[in-house]
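Spelled out, the chains give:
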Amino acid sequence: MRPPKRKTLLLSFPQSIPMQLAIYAILVVLMSNLNSLVDLVFHPEIPYWDEEHTIVGGVTGLIAFAVFGYFLLYVRNLHDALSKIQSLESILPICSNCKKIRKPDSDPSEQEAWQEIEPYITENTSSRMSHGVCPECFAALYPGVMIKPQR
């Protein structure tokens with residue numbers, strides 16, 4: 001059974017770093033010049049390089065630089081998390097006998113292609129392993145020992 005397909009957004013953020021930086025630079029320059037551009041349209045008598053425009057544009061540019069920079073880092077972190085989630089949600093090839101997992105894009109006939117499940121999960125997630133013995137395995141491993149119920 002296949003998992004349901006995820007819906008994609010109509011507008012997706014570009015994945016190439018140069019494109020992201022270009023959009024970032026364009027937005028910062030636009031925000032820096034917004035006050036001057038509005039005054040240019042509605043108050044043409046005020047010069048474009050007025051001292052007030054320079055001060056307001058500089059402050060607005062710094063704030064836009066920080067806000068859009070934070071947004072860019074946040075989107076990149078979300079994209080990395082989404083790609084990690086998608087790789088973990090994929091079907092894992094696992095040995096039906098020893099429960100070793102085959103590493104992605106490796107030859108199944110090679111011994112190095114197979115990895116124990118505990119290191120695989122520890123390397124690919126933030127989970128840590130803790131071992132115990134279930135009651136069924138405990139009875140098979142230690143047939144003469146009884147487990148006391150905990151209260």
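Here the residue numbering is sequential within each chain, running from 1 through the sequence in written order. Local features are withheld for residues below a pLDDT of 70 in this predicted model, meaning they are given only at 70 or higher, and side-chain atom pairs are given and counted only at 80 or more; totals for whole chains, interfaces and linings count all residues. Water and hydrogen atoms play no part in the side-chain values, which are based on all heavy atoms of the structure.

Draft legend 1. Inspection of the overall build of the protein at higher detail. Strands are runs of DSSP state E lasting at least 2 residues, helices are runs of H or I lasting at least 4, and numbering of each runs from the N terminus. Of the regular secondary structure elements, the protein holds 4 helices and 2 strands. Counted from the first residue to the last, the protein has its helices and strands arranged as α-α-β-β-α-α. Contact between two residues is taken to exist if any of their heavy atoms lie within 4.5 Å; hydrogens are not considered. Sequence separation of at least 24 residues holds for 35% of the intrachain contacts in the protein that already meet a minimum separation of 6. Shrake-Rupley sampling with a 1.4 Å probe provides the accessible areas, and residues are treated as covered by the protein chains on show and by no other component. Here the protein displays about 13,000 Å² of accessible surface, and carbon together with sulfur accounts for 65% of that area.

Draft legend 2. View of helix 1 (residues 17–42). Taking 1.5 Å per residue, 26 residues should reach 38 Å; helix 1 reaches 37 Å between its end C-alpha atoms and fits that length. Note on bend: at a given residue it equals the angle between the axes fitted to the 7 residues ending there and to the 7 starting there. Most pronounced at Leu34, the bend in helix 1 amounts to some 50 degrees. Every buried residue of helix 1 is accounted for by Gln20, Tyr24, Val28, Ser32, Ser36 and Asp39. Helix span, as expected, comes to 1.5 Å for every residue beyond the first. Relative accessibility under 20% of the residue-type maximum defines a buried residue, over 50% an exposed one, and the middle range a partly exposed one, all with a 1.4 Å probe and only protein chains included.

Draft legend 3. View of unusual backbone geometry. Of note in the backbone geometry, Lys99 takes a positive phi value of approximately 65 degrees without being a glycine. Along the polypeptide, Lys99 turns up in the loop between helix 2 (51–89) and strand 1 (101–102).

Draft legend 4. Examining the environment of Pro119 more closely. The residue Pro119 is located in helix 3 (residues 117–124) in this model. For the pair formed by Pro119 and Ile101, sequence separation is 18 residues and the distance between their alpha carbons is 9.9 Å.

Draft legend 5. The arrangement of the side chain of Asp39 in detail. For Asp39, the position within the fold is in helix 1. One buried charged side chain, Asp39, makes no salt bridge at all; its nearest oppositely charged neighbour is Arg76, positioned 35 Å away. In this structure Asp39 touches Pro44, Ile46 and His53, once residues within four positions along its chain are discounted. Charge counting treats Lys and Arg as positive and Asp and Glu as negative, with His and both chain ends excluded. Between Lys or Arg on one side and Asp or Glu on the other, a salt bridge is scored when a side-chain nitrogen of the former is within 4 Å of a carboxyl oxygen of the latter.

Draft legend 6. Region of the structure containing the packing of aromatic side chains. Note on aromatic pairs: the rings of Phe, Tyr and Trp (six-membered ring only in Trp) are paired at centre separations within 6.5 Å, and the planes decide the class, stacked below 30 degrees, edge-to-face beyond 60, tilted for the rest. Going through the model one piece at a time under the given rule, you end up with 4 aromatic pairs. Measuring from centroid to centroid gives 5.0 Å for Phe138 and Tyr142, while their planes differ by 50 degrees, and the two rings are tilted.

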